[in-house]
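If you want the building blocks of each chain, they are given just below.
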Amino acid sequence: MGSLSKDLLSSTLHSLPSSSSSISPSPSPSPSPSFSLSFAFKNSFSYTLTTKNPTPSLYSFSSSNFICKAAEYKFPDPIPEFSDAETDKFRSHLLKKLSKKEDVFGDSVEEVVGICVEIFSTFLHTEYGGPGTLLVIPFIDMADTINERGLPGGPEAARAAVKWATDHVDKDWKEWTGTN
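Residues take numbers from 1 onward in each chain, read along the sequence in its written order. Confidence filtering applies because this is a predicted model: local features only for residues at pLDDT of at least 70, side-chain atom pairs given and counted only at 80 or more, and all residues used for totals across whole chains, interfaces and linings. Neither water nor hydrogens contribute to the side-chain values; these are computed over all heavy atoms in the structure.

Draft legend 1. Up close: the side chain of Thr-133. Relative to the elements of secondary structure, Thr-133 occurs in the loop between α5 (109-126) and α6 (137-148). A simple rule labels every residue: compare its accessible area, found with a 1.4 Å probe on the protein chains alone, to the largest value its type can have, and call it buried under 20%, exposed over 50%, or partly exposed in between. Taking the relative accessible area as the measure of exposure, Thr-133 reaches 10% and is therefore buried. One polar contact links the side chain of Thr-133 to the main-chain amide nitrogen of Gly-129, over a distance of 2.8 Å. Here a polar contact means two N or O atoms within 3.5 Å. Within protein one must be a hydrogen donor candidate and the other an acceptor candidate, and residues neighboring in sequence count only if both atoms are side-chain atoms. In terms of polar contacts, Thr-133 uses its side chain to reach the backbone carbonyl oxygen of Gly-130, at 2.5 Å. Excluding residues within four positions of it along the chain, Thr-133 makes contact with Phe-75, Phe-123, Glu-127 and Tyr-128. Where helices and strands are cited, they refer to DSSP runs of H or I of at least four residues and of E of at least two residues respectively, numbered from the N terminus. Only heavy atoms enter the contact rule, under which two residues are in contact if any of them lie within 4.5 Å.

Draft legend 2. Just the confidence of the model for the protein, in detail. The predictor attaches a confidence to each residue, called pLDDT, with possible values from 0 through 100. Within the protein, residue pLDDT values average 77, and 60% of them lie at 70 or more. Across residues 1-6 the pLDDT falls below 50, and counting only partners more than four positions away or on other chains, this stretch makes 7 contacts in the model. This stretch, residues 12-24, has a pLDDT under 50; its non-local contacts, to residues over four places away or in other chains, come to 32 contacts.

Given below as structure tokens:
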């Protein structure tokens, strides 16, 4: 292994928060070079890499390739027609569900539902792009907004909203787009 490659690998290892590390050429009966790389983290995690024909791409851990590919994935843009249809389904379900809890919501059911629907609709129109993009933030915002306005049942409304959304939105998206 060239001294530049060994120096690069050595400097990389010394910058890691490890308790021990080493690079050593491995004896090889074949004419191709090989080396072994070992290091142990302070929390007793150790990692050893032994390879033949070292190449510069081996100096980065393979998991970084997966991270880069995941970061490069682009979710579809929101579909306004889907967002409108889903918002209507959400409104009717939430109104029906929360109307049954008169002891919690009293005369504020429609106002509470209106807040939840507005937040949910905004999320669907601006951020939801299919399975994997349903976030918890809109539901936290629902509970917070209801509480800030002094209305009853913020946590209950948000819980009913998130329950419906997790049961229906991704499934409805797949039906709408024809994907499995």
